[in-house]
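# An overview of the molecular structure
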Amino acid sequence: MNRDTTIFYTKDPRIVCFIFSFVFLVAAVFNYQSAFKVKNYHEVQGEIINVEAREKLWHQRYITEYNYDVVWYEDGKQYKRHFKGQTDKVEEGEKRIWVSKDHKKSCIT
């Protein structure tokens, strides 16, 4: 940083506080938006099956992607959702999952 920039920050630190406040405000809006999307989800017992791992070249390095299925039962019906290209490693077996009321979306806890 040059001398003028250093003097600018030391003379008026409110600018730095304003920038931090704006960043936190944007983060809060995104958090509220995601909370609004999942407010109607409910927790059920599900099972992760058919976990497949594969290596993929991404930006000149290899990463591991996972494909798997999540199966859950509710009201005597079986529901299934396929996840493709996930970067988080998951283990097969029973898990508590969150599903939407229309059973079109789910997420693993």
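One structure accompanies this document, and this report is about it. What you are looking at is a predicted structure, and each value in this text was computed from that prediction instead of being measured. (Residues numbered from 1 in each chain as written. Predicted model: local features only at pLDDT ≥ 70, side-chain atom pairs only at ≥ 80, totals over all residues. Heavy atoms only, no water.)

### Considerations on the nonpolar core
If you look at the biggest cluster of nonpolar residues, it comprises 11 residues: Val44, Ile48, Tyr66, Tyr68, Val70, Trp72, Tyr79, Phe83, Val90, Ile97 and Val99. At four residues, the largest contribution of residues to this core is made by strand β2 (residues 61–74). (Core = buried A, V, L, I, M, F, W, Y, C linked by side-chain atoms within 4.5 Å. Buried < 20%, exposed > 50% of the residue type's maximum accessible area, 1.4 Å probe, protein only. Helix = DSSP H or I, 4+ residues; strand = E, 2+ residues; numbered from the N terminus.)

### Focus on the pattern of salt bridges
One pass over the full model with this rule turns up five salt bridges. Glu65 serves as the salt-bridge partner of Lys56, at 3.4 Å between the closest nitrogen and oxygen. Judged by its relative accessible area of 32%, Lys56 falls in the partly exposed class. Judged by relative accessible area, which is 8%, Glu65 ranks as buried. Of the charged contacts in the structure, one is a salt bridge between Glu91 and Lys89, with a shortest N-O distance of 4.0 Å. We classify Lys89 as exposed; its relative accessible area is 60%. Each of Arg54, Lys56 and Glu65 takes part in a single network of salt bridges with overlapping partners. (Salt bridge = Lys/Arg side-chain N within 4 Å of Asp/Glu carboxyl O.)

### Structural notes on the packing of aromatic side chains
Scanning the entire structure with this criterion turns up two aromatic pairs. Ring geometry for Tyr68 versus Phe83: centroids 5.2 Å apart, planes at 20°, classification stacked. With Tyr68 in strand β2 and Phe83 in strand β3 (residues 77–86), this pair connects stretches of sequence that are 15 residues apart. Classification of Phe83 as buried rests on a relative accessible area of 10%. On the numbers, 5.8 Å between centres and 20° between planes, the contact of Trp72 with Tyr79 is stacked. The exposure class assigned to Trp72 is buried, which follows from its relative accessible area of 0%. (Phe/Tyr/Trp six-rings, centres within 6.5 Å; stacked < 30°, edge-to-face > 60°.)

### Here's the deal with the environment of Asn50
Tracing the chain through its elements places Asn50 in strand β1 (residues 42–58). Sequence-wise, Asn50 and Val70 are 20 residues apart; in three dimensions their C-alpha atoms are separated by 8.7 Å. Ignoring anything within four residues of it in the chain, the contact list for Asn50 reads Asn67, Tyr68, Asp69 and Glu92. Side chain to side chain, Asn50 and Asp69 meet in a polar contact 2.9 Å long. (Contact = heavy atoms within 4.5 Å. Polar contact = N/O pair within 3.5 Å; in protein donor to acceptor, adjacent residues only side chain to side chain.)

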